[in-house]
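# Per-entry structural report
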Amino acid sequence: MYKIIIPTLISLFFSFSAFSMKVFDMEEIRNPDTLAIKVLKDWHKVQGPIASRQKLVTINVGDLWPGQEYRIPVRMVVPANRKAKGFHLTGSSSPQRLENDTRPNSTERELLEGGVGLVITVVQEPGTYGQRALSQATEKRFAETLNPRFKIQYWAWPATLMRAITTAYAEKDHFEKGKVAASGGSKNGASPSMAIIHDERMTAVHATVSPIWDSPLRLNDDEAWKELRAQPGRRGGFTGGHFGPNFNEDVLDAGGTWKDLQNFARDISDNVFISRNLNTLRKRGVEMLFHPGTHDFVAFDMAWGGKHHPTIPVYLGANTGHGKRGHPKIERDQQNKAGFMLRHFFPDEVKGDLLSPPQVKSKLTSKTLKVSVSFAPGSAEESGRIWWTFDRAPDGSPNYISEMIPNNQAMEMKRIGDQWTATIKLDPKAKRIDFFSNHRKTLRYKESPYRTYMSSPYTRVKLK
């Protein structure tokens, strides 16, 4: 599926630019002849609240290196009585779970009833399903070479999703081409976010607790890393990483240099980050919504992203992230994923549009910060609530992840004209304040309400 010349390990660091960071061969990604499909369970009818037809196969995503196949299961689900036009795609499963017929949840039932299929595959660390030796081999090869083909998060996981699309569309009696919307969290948020940059068959992504933008820590900026290393506490294996787990120490231990890591981050980032591809994605009409979390060890750079990419649509669940319970006043009725998917696939049948990111302004006095948030005219937002915290620890640091927004630092905003406003009493000892606001809009599909939320850009203001 690809061609590679393997030089000696000693020369790999210095010759890596020859790879030119072309991560995917899209002609091969879209080639069904190389899937090497093995049918585990052919098309069969599955009864339930909504009847469907399902098929389970395994496919060859491609070779990680010559002779090392990367094989993954794919389950396809279509309506019982017709072809599916497009589908919802996710890798949020496991080989064991895929052995059983899928029982669609309420949103998936609505998609199937509307003629949209489901394609479910496996984007998981291979060691979790019995292939620890393969996982260890890939990590070792990547640390020694910085070849993204050997790093499962850069190549195998996004390629799995794209090859699953090829698999579904090869089933011409069961799928016809339509919209392809991907969703998932963590690795299943990062992988579709990367895949959608390369695969024009994909039309939407809803991703949670996963990277979005190319902040200085991710690019191994010297000053950013100097600040991070000076912070107290023990950093985990993710904070500070480029697009997930931090591999810097492994590369350095294998003989690489800090400059090698900087060059790698620079050269691959166009292939990876949504923030570097916004114009292209928007020209394609791609729809996006992200839930990065305010206290997540993968999405560890909220203030930088809010400042540099305020138009990327995000919902910031206060005090959320991997393993976090959320603030006591978090929006418990939030139905963003369901509303997003139904609006994407059935735009003519859903009443209302999701909110777009608003503009935010602030005015500082000696004792207060007055914040105003404004949406485009006619947005029909229904509520406003603001959250804030003082002197938050630097990006990626242990305290950035562990110190929550206090319970009493949230309030309802007032609507004055076309703006939502709030006045925050300042801590006289604080040097800066971080804040964001969340706003509700209710969509309707078949008369059922779907309560969706959009956040203002995460904002940091210096106080002294």
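Scroll up a little and you will see the structure.
Attention here is on the structure that accompanies the text.

Criteria and cut-off values
- Residues numbered from 1 in each chain as written.
- Predicted model: local features only at pLDDT ≥ 70, side-chain atom pairs only at ≥ 80, totals over all residues.
- Heavy atoms only, no water.
- Pairing = 2+ DSSP bridges.
- Helix = DSSP H or I, 4+ residues; strand = E, 2+ residues; numbered from the N terminus.
- Axes fitted to C-alpha atoms, helices over the stretch in contact; angles between N-to-C directions.
- Contact = heavy atoms within 4.5 Å.
- Buried < 20%, exposed > 50% of the residue type's maximum accessible area, 1.4 Å probe, protein only.

### Quick notes on the sheet that holds strand E6 (residues 175–185)
In space, the 8 strands of this open sheet follow the order E1-E2-E3-E5-E4-E6-E7-E8, with mixed pairing throughout. Among the strands making up the open sheet, the edge pair consists of strand E1 (38–46) and strand E8 (287–291). On average, each strand axis in the sheet is inclined to that of its neighbour by 20°, with strand direction left out of account. Bridge count for E6 against strand E7 (residues 204–208) is 5 bridges, and the pairing is parallel. Bridging across to E7, Gly-185 finds its partner in Thr-208. Along the sheet face, helix H6 (residues 156–169) touches strand E2 (52–65), strand E3 (68–79), strand E4 (84–90), strand E5 (117–121) and E6 and points at about 135° away from the line of E2.

### Concerning unusual backbone geometry
Even without being a glycine, Asn-220 presents a positive backbone phi close to 60°. Residue Asn-220 is classed as buried on the basis of its relative accessible area of 4%. One non-glycine residue, Lys-446, lies in the positive phi region at around 55°. Mapped onto the elements of the fold, Lys-446 is located in the loop between strand E16 (432–445) and strand E17 (448–455).

### Here we look at the pairing of E3
Along E3, 10 of the 12 residues are buried, which leaves the element largely enclosed by surrounding structure. As paired strands, E2 and E3 are joined by 12 bridges and run antiparallel to one another. Considered in E3, the bridge of Asn-60 is made with Arg-71. Linking E2 back to E3 in an antiparallel pair, the connection comprises 2 residues, with Gly-67 at a positive phi of about 90°. Across 4 bridges, the pairing between E3 and E5 is antiparallel. Across the sheet, Arg-75 pairs through a bridge with Ile-120, a residue of E5.

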